[in-house]
Amino acid sequence: MDFILQTTDWQGIIWALLAYVMVKELRAHGKEIFDDQVTPFDKDRLIRLAYTFVYPVVVLFHESGHALATILCGGVVKEFHYGFWIGYVVPVGNFTALQDLYITLAGNVVQIIIGFVFLLFALIARSPAMVALWTYSAIIAIAGTVIAYTMLSVLTGQGDWAMIYRTPEKSAFEIILVCHVILAAFTFYIINGKAPRLWFFKRLNPDWSVKLKELELDLAQNPSPDAYLRLAAHFVQARDFKSARKCFDAIQESQRDFRVLFLMAYVEDQENFPSKALEWCQKILDTNDDPLIQSQALCFYAGVLPKIPNQENPLAKARQYLDKAITLAPGYGDPLFYMVMNMIQAREFDAAQSLLERLNKDADNLSWSNPGLIEEVLPELNALKSMRKQKR
């Protein structure tokens with residue numbers, strides 16, 4: 001048997017560089033990544049970890065599936081190419097059309113099975129970080145073949161799925177197509193569905209469920225507008241907007257409360273209804289005279305306004321609201337930070353960097369309505385500097 005195993009190519013060089021960077025990050029931030037709190041930065045690292053170390057293993061099993069099917073169909077594997085993210089097998093033999101289909105389909109079936117195994121690992125994992133890692137790995141494995149590889153095959157006319165759907169075995173074609181559609185729908189559901197997203201959020205934030213029980217008990221004992229508002233805010237944190245809306249419906253009489261109005265505006269914005277979000281925001285401006293609250297509402301208004309379609313110079317209009325917000329809340333960093341975001345969107349990088357440097361220098365001396373923004377100043381400044389350096 002003339003068998004050739006190929007592993008060293010351009011993919012190996014790129015993988016080695018990415019692996020080196022990933023290992024350095026794990027050494028520097030491993031304890032932070034795998035502690036009990038999964039931050040947005042941790043999620044980013046875990047996704048890259050899945051792509052760098054888990055997905056290459058999936059590819060190896062994918063190609064092994066092709067190779068095993070070739071042997072089981074009485075053929076030989078002339079070449080086995082493993083390239084970390086992309087590989088191929090060259091089978092040789094006198095195969096029937098159905099056997100050709102089995103061989104081509106086998107690697108993808110193995111990859112899908114591995115994806116479901118990863119989902120099982122995510123279900124039984126105890127560490128929030130491992131739940132995230134196995135979930136990301138499962139999505140990458142399943143979506144990698146069911147969606148991404150399929151689209152690549154359709155666009156290029158090459159690859160496994162192009163060969164699968166050119167099979168003369170019509171009965172098999174129909175079964176595969178139905179299964180493919182179901183798997184694609186399932187993949188979209190686990191990524192975007194409310195129940196999977198809420199499950200994922202709860203597993204990554206175990207304290208959230210404990211707090212939810214406390215808030216529900218508090219509401220049962222004291223069904224006041226404040227109790228409903230606290231529960232609504234808790235649901236919003238998990239992006240469970242349907243449950244949050246039920247809380248809002250229960251406190252209609254309190255909808256002059258700026259906290260309710262802010263939450264309603266945020267929910268509408270997150271569910272891609274910017275016009276409705278601006279209506280709630282306008283109610284805050286119309287019903288509250290507190291300069292700080294007005295400043296916060298204007299900042300929010302400026303952030304949502306560019307999302308309204310068919311506008312002329314939306315960023316310039318948004319900046320007018322931010323100018324007013326800065327005037328209403330002198331000494332506060334929030335409107336200045338949002339002004340930076342506006343400048344970056346408008347590609348006014350010099351002005352944005354200058355204002356960010358000022359914010360970074362004076363952050364501790366400024367007041368902040370949202371203290372979380374303080375932690376975003378330095379990363380934004382470094383990202384902006386890095387981007388400008390690369391363009392030069």
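Residues numbered from 1 in each chain as written. Predicted model: local features only at pLDDT ≥ 70, side-chain atom pairs only at ≥ 80, totals over all residues. Heavy atoms only, no water.

1. Side note on the overall build of the chain
Helices and strands together make up the secondary structure of the chain, namely 17 helices and three strands. Reported as C-alpha extents along the three principal axes, the dimensions of the chain are approximately 85 × 55 × 45 Å. Counting only residues that meet the buried cut, the chain has 43% of its 392 residues in that class. For the chain, long-range pairs separated by at least 24 residues make up 59% of all intrachain contacts whose partners lie at least 6 apart in sequence. About 21800 Å² of surface is accessible on the chain, with carbon and sulfur atoms providing 60% of the total. Across the chain, 37 positive and 41 negative side-chain charges occur, with their mean positions spaced 1 Å apart. (Helix = DSSP H or I, 4+ residues; strand = E, 2+ residues; numbered from the N terminus. Buried < 20%, exposed > 50% of the residue type's maximum accessible area, 1.4 Å probe, protein only. Contact = heavy atoms within 4.5 Å. Areas by Shrake-Rupley, 256 points an atom, 1.4 Å probe, with all protein chains shown as cover. Lys, Arg positive; Asp, Glu negative; His and termini not counted. Charge placed at Lys NZ, Arg CZ, Asp CG, Glu CD.)

2. Quick notes on the packing of helix α15 (residues 334-345) against helix α16 (residues 349-362)
Contact geometry for α15 and α16: axes closest at 8 Å, N-to-C directions at 160°. When the interaxial angle is binned, α15 and α16 end up roughly antiparallel. Relative to α16, the crossing made by α15 is left-handed. Packed against α15, whose contacting residues are Leu336, Phe337, Met339, Val340, Met343 and Ile344, the element α16 presents Phe349, Ala351, Ala352, Leu355, Leu356, Arg358 and Leu359 at the interface. (Axes fitted to C-alpha atoms, helices over the stretch in contact; angles between N-to-C directions. Parallel < 35°, antiparallel > 145°, perpendicular 65-115°, else oblique. Left-handed = near helix turned anticlockwise from the far one by under 90°.)

3. Considering the side chain of aspartate 240
In this fold, aspartate 240 is placed in the loop between α9 (225-237) and α10 (241-250). Assessed through its relative accessible area of 4%, aspartate 240 is described here as buried. For aspartate 240, the side chain forms a polar contact with the side chain of lysine 194, separated by 3.2 Å. In this structure, aspartate 240 is in contact with Lys194, Leu198 and Phe235, ignoring residues within four places of it in sequence. (Polar contact = N/O pair within 3.5 Å; in protein donor to acceptor, adjacent residues only side chain to side chain.)

4. With respect to the pattern of salt bridges
Using the criterion set out here, one finds twelve salt bridges in the structure. Close ionic contact of arginine 45 with glutamate 25 constitutes a salt bridge, the shortest N to O distance being 3.0 Å. With a gap of 20 residues between them, arginine 45 in helix α2 (residues 40-72) and glutamate 25 in helix α1 (residues 10-33) connect regions that are remote in the sequence. A relative accessible area of 13% means that arginine 45 is categorised as buried. Across the salt bridge formed by arginine 45 and aspartate 42, the nearest N and O atoms sit 3.7 Å from each other. Of this pair, arginine 45 and aspartate 42 both sit in helix α2, three residues apart, roughly one helical turn. Residues arginine 45 and aspartate 42 agree in their burial class; the two are buried. Among the charged side chains, a network of salt bridges with common partners joins Glu25, Asp42, Asp44, Arg45 and Arg48. (Salt bridge = Lys/Arg side-chain N within 4 Å of Asp/Glu carboxyl O.)

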